[in-house]
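A closer look at the structure
Spelled out, the chains give:
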Amino acid sequence: MPDPMLNEEERMLQTLVRDFADRELAPRAREVDELEEFDWQNWNGMARLGLTGIAIDPVYGGGGGGYRQVAIAMEEVARGDSAASTGLIAHLSLGTSTIYRFGNEEQKQRFIPSLASGKGVAAWALTEPGGGSDAAALQTTAQQRDGTWFLNGSKMFITNADVAESMVVFANQDRSQGYRGISAFVVPQGAPGMTVTPLHGKMGMRASSTNEIVFQDTPVPGENLLGEQGRGFRYAMEILDSSRIMIAAQCVGIGQAALEEALRYAQQRESFGRPIAQHQAVQFMLADMAASVHAARTCTMQAATLKDDGQDYINEASIAKLIASEMCVDVTSKAVQVHGGYGYFKDSPVERLFRDARVTTIYEGTSEVQRLLIARQTLAQYPI
């Protein structure tokens, strides 16, 4: 049944990405999860489809479009393979978008075409070992000597870092200024003094690359400073505001995949002489799952529409991220419940979906952070 929220062009995009996900991503999702490493076959497939450059101006080699298009594509990619969507989000809505939105013309011409085409992968390095949700407390430093910046410090849980061609790194050039001392830099792969160490043992999203980075007097050319000195923190917050829409879309895709698996299983598995889908207890779970996925998708598309229309969308993005990520955890849990004992083993797709879902309430702003942001916005709208 056609989605009434989408226009004809958006439905065509949805069908294109869904067919790709069903044909290339989903059949290999279990295999790449077990390998626990970045999968170039999946990446190259997404690049061929143009997904690595959605919402980027064709002038820089992108495919154009807006956040609605990115959300549609991201949902379908996540429906096929959650981890593939994590790598794509870090590349597109974090790394590439920061250069695209805040870089000067020379930087855009130099970095974006390779990234938009998918020939290069982008990473985004903000989080530090001791920082967590306190993004302003950066310990990584940037000191300028003779026109070159030198980075010292470390970053943690950085997606795509070991495969990235270009990495946006946030560092503090003046700690006495607090968040006003933070700037953003583009650091190329293989920069001297930069060590990237892959992190293994994740619960889920295992086929996305997660890394620790250490900088020891890593030189960065002066022309790789993004935007203005001291505005890096503001850039990061603006990027996170919009990227939350993409995390919400990812969650909708994971939830949709879990719902579809549960529906298939419930109609095939029999107990007491009939399919378990005919038992009211299972029907209620399926109904709750379907309603939750639909509600999260509606919130996500509303936030994306507001962003594309140039309206204030920040509160809606936080609401979408909160609702969609908590839906994702709940729906995948219910999908395991519908599958019973079978759902607890790796042979079942819902076992992987359940593991993948858990991190969505943590990264790019925990559920607790989203509630704080939503509360502040709501209180500001209804002052006493």
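This part takes up the overall build of the chain. Scanning the chain from terminus to terminus reveals eleven helices and ten strands. Judged by the C-alpha coordinates and their principal axes, the chain covers about 80 × 55 × 40 Å. Within the span of the chain, comprising 384 residues, buried residues form 56% of the whole. Charged side chains in the chain number 34 positive and 46 negative. The centres of these two groups are separated by 3 Å.

Moving on: the packing of aromatic side chains. In this structure the tally under the stated criterion is eight aromatic pairs. Here Trp124 and Phe170 contribute two aromatic rings whose centre-to-centre distance is 5.1 Å and whose plane-to-plane angle is 70 degrees, an arrangement assigned as edge-to-face. Here Phe170 lies in strand S4 (residues 166-172) and Trp124 lies in strand S1 (residues 122-125), a separation of 46 residues in the sequence. Comparing Trp124 with Phe170 shows no difference in burial state: the two are buried. Ring centres of Tyr179 and Phe233 lie 5.3 Å apart, and the angle between their planes is 45 degrees; this geometry places the pair in the tilted category. Taken together, the positions of Tyr179 in the loop between S4 and strand S5 (182-188) and Phe233 in helix H7 (residues 232-268) put the pair 54 residues apart, joining distant regions of the chain. For Tyr179, a relative accessible area of 29% corresponds to the partly exposed category. Across the ring face of Tyr100, the terminal group of Lys108 is positioned such that the distance to the ring centre comes to 5.7 Å. When the ring centre of Phe150 is taken as origin, the NZ or CZ atom of Arg145, which lies over that ring, is 3.9 Å away.

For the rest of this paragraph, the subject is H7. The end-to-end C-alpha distance of H7, which contains 37 residues, comes to 53 Å, matching closely the 54 Å that a straight helix rising 1.5 Å per residue would cover. The axis of H7 is deflected most strongly, by about 30 degrees, at Ser242. With 30 of 37 residues buried, H7 is to be regarded as a mostly interior element.

The next subject is the packing of helix H9 (residues 314-339) against helix H10 (residues 349-358). How two helices pack is summed up by the angle between their axes together with the distance between the axes. Remark: H9 packs on H10, axes separated minimally by 9 Å, with the N-to-C direction vectors making an angle of 160 degrees. It follows that H9 is roughly antiparallel to H10 by the angle criterion. Read as a crossing pair, H9 and H10 show a hand that is left-handed. Taken together, the residues of H10 that come into contact with H9 (itself represented by Cys328, Val329, Thr332, Ser333, Ala335, Val336 and His339) are Val350, Leu353, Phe354, Ala357 and Arg358. Of the residues that constitute the contact of H9 with H10, the class distribution is eight nonpolar, three polar and one charged.

Applying the stated rule across the entire model yields 24 salt bridges. The residue Arg18 makes a salt bridge to Glu76 at a minimum N-O spacing of 2.9 Å. Pair noted here: Arg18 is in helix H1 (residues 8-25) and Glu76 is in helix H4 (residues 67-80), with a separation of 58 residues, a long-range link. Using a relative accessible area of 1% as the deciding quantity, one classes Glu76 as buried.

Cut-offs applied
- Residues numbered from 1 in each chain as written.
- Predicted model: local features only at pLDDT ≥ 70, side-chain atom pairs only at ≥ 80, totals over all residues.
- Heavy atoms only, no water.
- Helix = DSSP H or I, 4+ residues; strand = E, 2+ residues; numbered from the N terminus.
- Buried < 20%, exposed > 50% of the residue type's maximum accessible area, 1.4 Å probe, protein only.
- Lys, Arg positive; Asp, Glu negative; His and termini not counted.
- Charge placed at Lys NZ, Arg CZ, Asp CG, Glu CD.
- Phe/Tyr/Trp six-rings, centres within 6.5 Å; stacked < 30°, edge-to-face > 60°.
- Lys NZ or Arg CZ within 6 Å of the ring centre and 35° of its normal.
- Expected span 1.5 Å × (residues − 1).
- Bend = angle between axes of the 7 residues up to and from the residue.
- Axes fitted to C-alpha atoms, helices over the stretch in contact; angles between N-to-C directions.
- Parallel < 35°, antiparallel > 145°, perpendicular 65-115°, else oblique.
- Left-handed = near helix turned anticlockwise from the far one by under 90°.
- Contact = heavy atoms within 4.5 Å.
- Nonpolar A, V, L, I, M, F, W, Y, C, P; charged D, E, K, R; others polar.
- Salt bridge = Lys/Arg side-chain N within 4 Å of Asp/Glu carboxyl O.

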